[in-house]
Amino acid sequence: MFRPLIIIKRIPNIDFMRLHKLGFALSLVMTLGSVVLFGVRGLNYGIDFSGGTIIEARTLTGPADLAKMRADLDSLNLGAVQLQSFGAPNEVLIRLQRQPGSDAAQERAVATVKDKLGKTVEYRRVEVVGPTVGHELIRAGVMATVLALVAIMIYVWFRFEWQFGVGAMMSTLHDTITTIGLFSLLQIEFNLTTLAAILTIAGYSINDTVVIYDRVRETMRRHRSMDFVTLINKSLNETLSRTILTVTTVALAVLSLLVFGGEVLRGFSIAMLWGIVVGTYSSLFIAAPLLFYIRPKRSARGVEAAAAEAEKVR
Amino acid sequence: MLYFQTWKVMLILAVCALGVIFTVPNLFSEASVLRWPDWVPKKQVSLGLDLRGGSYLLYQVDMSSVEKDELNNVLDELRTQFLDQKIGYTGLAVDGNHIAFVLRDRARASDMRAIVQKIDPDLQVTVGDGGAAAITQDPAALDARRATAVNQSIEIVRRRIDETGTKEATIQRVGDDRILVELPGISDPDRVKALIGKTAKMTFQLVDPNASVDEARRGRVPPGDELLQGAPDPRNPTAAQTYYVVHRRVMVSGDTLTDAQPTFNNTNEPVVSFKFNAIGARRFADATRANVGKPFAIVLDNKVISAPVIQEAIIGGSGIIEGSFTVQSANDLALLLRAGALPAPLTILEERTVGPDLGADSIHAGALACIVGIALVVVFMVVFYGLFGIFADIALFFNLCIMMAALSLLGATLTLPGIAGIALTMGMAVDANVLIYERIREELRGGRSIISSLQAGFERAFGTIVDSHVTTLVAGALMFWLGEGPIKGFAVTLSLGVLTSLFSAILVTRLLVVTWLRRTKPKLVPI
């Protein structure tokens, strides 16, 4: 059998802890930046949350004349109408705001648009979300995210000690917030599918963090008097090979979704790609170093070990 | 860890084999699968609407307009009774969800209560000191009425959809007052939507010959009357809007119809012929006998579709609705009358319609992404882990098969995000193998023997694998519980994938490694 390609021949000795303050700073900046972006620029809400209508139409007589369509639709008095090309030149995406009034008003708007466009187009997709359902989906979405974070923290607390739980939650929270920041920055449409991406990212990030924590716990048990800096560094280096390889395999799957998956999955794929990068980053530079500050209990450590630690982090 | 009892081996092989067997039907088209003999597994994955094309419609049963109508009926009765019994009042009107008025003589409150009691025992009356009174419906009675209305609506919607010939439609109740309708494979959802959405309440009411339409339009409607619009003419859409002032009192209503059929009159125009049951026929006969020469409005959903003058008493209990019908609209009206009127109007809260074109495109895109993704992962594993990479790939193959088999057998719905979930799960599934292999490498480097390295690798990695899979499962479970439609599909494939990859990584890979160990008795682990 041929020899496999081993990139990392020996366990490396990267001093992650030396960079950890830089890591914290960067994470803080990204988190704050995301919050600011969210406040100032807001998210590009899809109709799932803001209500409204999406119509994906394909013109039957050659490429779409966007200018004329826009003029036609504007004349219908349905509020701001978004019109954009979608994939092929004869495909357009029409988006209507949530119409004032009840749920029934939304359907009437769709009928009006269909009347206007008549037989010149065929409809690939129509999605209408009224105000009632829109609110419910927002509630469900927020609840799902919060519950996921809480459930994950409880699980980690249960399997490890509470200090690990705090680290896990911080890093997952960071991932969620920065992903939302990315959505705000790139104005990626935020709908149910991208929310699913956020939840999946939370799951993946924890996945990664748990692997590292597992190694930390094992090393703690084996080397009872090792100082935390060395301990964390050692754990991170030992798991580095696995981390890189797993990120790569998941990235391969996500990349192929991004390239081949089509328009509907685009936002989801971009979010996932960012998610696995930031998930790995947060496990290495937030979850692990936090353990240094929130020490899990173990048997008595020597005073020397404590002093040596203080030296290393200065 | 490195010893497998024979029965365990058999079990693992059996599960893998079953996985493959139950996945196979999915590779063939639906038509060819139907021709297979009965003892062969045939169940295919059921495709969601976003892959198959079709409509997802969430309706709400709008009880508020029904309640308003009922309150109006009570109000009319009250007015008649008050006048009869000479009970003085002011300001009698429907206000939101109750009837409000002021009694001139507070002493007559008990008489008033008796009247209300006789009209409907479920009504609740409150009287204030100054004689201000309010009448509301009993909440329990309202709830019961709502439940009945929803059940009735589901029945009627089902009948209507059946008549259009749409196959495999699902109609189910959601929550207290909502109905979910799924119409797979439908190419013209607008017509079915129109048929479902129409309340189709038909009533026959007398036109008030003494009322002035212009006065009514300015807001001065005579008591006991209402102002109605004429229905739009499908043959002449730009004609001016017509109005009628009719008596609110319903002479005959559509719920006494036994049949309705589209047909043609003697000038070859499409019309709808109808037939009443005995009660309806009698009422119709009485109403027409008493009003010969007067115009009679046929009202559908509060719009007048026709207002012929009564030529003579009609005792046969059947008649013809002539109006501005096209063949299609006559057909549709007859269908609606036969299926019955909805007890309350239905409003669409949410609609997701995907054309079959887009559905097919989505399947192709999703499948391609999946295949490419899996292929990349397979190659990757071989490049980085050699022989053991091949073991991991074989486990991945069975992982995929078992997952598809589970989806097929459970009748779970596969959506486009669901396909994304499959691709993602395959990418994550090899993580378990990576964990095991990296551990084995580490142990070997540490100088352990082959057998104990392999042993340690599997043992040590086990706990970590379970932990990391459980957390993804938590995310999946939450999404399943709180999500709808496509997201549910994603949650299903993600969660299923986690479970099957636990099986394949821990058991299948281990079996392969153990078998290789036994057969070749190697001196070196090529990892």
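Residues numbered from 1 in each chain as written. Chains lettered and ligands numbered in written order. Predicted model: local features only at pLDDT ≥ 70, side-chain atom pairs only at ≥ 80, totals over all residues.

Novice: What is the right way to look at the overall build of chain B in this model?
Specialist: Across its full length, chain B carries 14 helices and 18 strands. Relative to the compact-globule value of 24 Å for 527 residues, chain B shows a C-alpha radius of gyration of 35 Å, a clear excess of over 25%. Along the longest, intermediate and shortest principal axes, the C-alpha atoms of chain B span 110 × 65 × 40 Å. Expressed as a percentage of the 527 residues in chain B, the buried residues total 41%. In chain B, the proportion of contacts linking residues at least 24 apart, taken out of those at least 6 apart, comes to 70%. (Helix = DSSP H or I, 4+ residues; strand = E, 2+ residues; numbered from the N terminus. Rg over C-alpha atoms; globule rule 2.2 N^0.38 Å. Buried ≥ 20, exposed ≤ 12 C-beta atoms within 10 Å, placed from the backbone. Contact = placed C-beta atoms within 7 Å.)

Novice: I would appreciate a short explanation of helix 11 (residues 356-410) of chain B in the present structure.
Specialist: In an α-helix, one turn spans 3.6 residues, which is why side chains three or four residues apart end up on the same side. Residue and element names in this part refer to chain B. Its 55 residues give helix 11 an end-to-end C-alpha distance of only 24 Å, which falls more than 12% under 81 Å, the value for a rise of 1.5 Å per residue. Residue Y385 marks the point of greatest curvature in helix 11, where the axis turns by about 145°. Two residues or fewer past helix 11, G411 is found with a positive phi of approximately 65°. (Expected span 1.5 Å × (residues − 1). Bend = angle between axes of the 7 residues up to and from the residue.)

Novice: Can you help me understand the nonpolar core in this one?
Specialist: Across soluble globular proteins, you tend to see nonpolar side chains buried next to one another. L199(A), A423(B) and M479(B) are the most contacted members of the largest nonpolar core, which has 204 residues in total. At 25 residues, helix 11 of chain B tops the list of elements feeding residues into this core. Ignoring anything within four residues of it in the chain, the contact list for L199(A) reads A144(A), T145(A), A148(A), A475(B), L478(B) and M479(B). If you look at the next biggest cluster of nonpolar residues, it comprises 8 residues, including I99(B), L103(B), M112(B) and I135(B). (Core = buried A, V, L, I, M, F, W, Y, C linked by C-beta atoms within 7 Å.)

Novice: Which parts of the structure should I look at to understand the confidence of the model for chain B?
Specialist: When pLDDT is low, close inspection of the predicted coordinates is not appropriate. Mean pLDDT over chain B works out to 85, with 100% of the residues at or above the 70 mark. The complex model carries a pTM of 0.80, and its ipTM stands at 0.83. (pLDDT = per-residue confidence, 0-100.)

Novice: Which parts of the structure should I look at to understand the sheet that holds strand 6 (residues 132-137) of chain B?
Specialist: Note on sheets: strands pair through backbone hydrogen bonds, and any given pair is parallel or antiparallel. Residue and element names in this part refer to chain B. The 4 strands are arranged 3-4-6-5 in an open sheet whose pairing can be described as antiparallel. Edge positions in the sheet fall to strand 3 (89-95) and strand 5 (123-127), since each has one partner strand and no second. For this sheet, the mean inter-axis angle between neighbouring strands, taken without regard to orientation, is 15°. Bridge count for strand 5 against strand 6 is 5 bridges, and the pairing is antiparallel. Along strand 6, the bridge assignment pairs Q124 with T136. (Pairing = 2+ DSSP bridges. Axes fitted to C-alpha atoms, helices over the stretch in contact; angles between N-to-C directions.)

Novice: I would appreciate a short explanation of unusual backbone geometry in the present structure.
Specialist: Backbone geometry follows two general trends: most residues other than glycine have a negative phi, and most peptide bonds adopt the trans configuration. All names here are of chain B. Residue K86 is not a glycine yet carries a positive backbone phi of 55°. When the 9 C-beta atoms within 10 Å are taken as the criterion, K86 is described as exposed. Look at K521: it is not a glycine, yet its phi comes out positive at around 45°. Among the structural elements, K521 can be located in the segment after helix 14 (486-520).

Novice: I tried to follow the packing of helix 7 (residues 192-222) of chain A against helix 13 (residues 450-482) of chain B on my own but got confused; where do I start?
Specialist: Two numbers describe a pair of packed helices, the interaxial angle and the distance between the axes. Axis separation between helix 7 of chain A and helix 13 of chain B bottoms out at 9 Å; the angle between their running directions is 160°. Classified by the angle their axes make, helix 7 of chain A and helix 13 of chain B are roughly antiparallel. You can see that helix 7 of chain A and helix 13 of chain B cross each other, and the crossing is right-handed. Here helix 7 of chain A contributes A196(A), L199(A), T200(A), A202(A), G203(A), I206(A), N207(A), V210(A), V211(A) and D214(A) to the contact with helix 13 of chain B, which in turn contributes G463(B), T464(B), D467(B), S468(B), T471(B), T472(B), A475(B), L478(B) and M479(B). A class-by-class count of the residues in the contact of helix 7 of chain A with helix 13 of chain B yields 9 nonpolar, 8 polar and 2 charged. (Parallel < 35°, antiparallel > 145°, perpendicular 65-115°, else oblique. Left-handed = near helix turned anticlockwise from the far one by under 90°. Nonpolar A, V, L, I, M, F, W, Y, C, P; charged D, E, K, R; others polar.)

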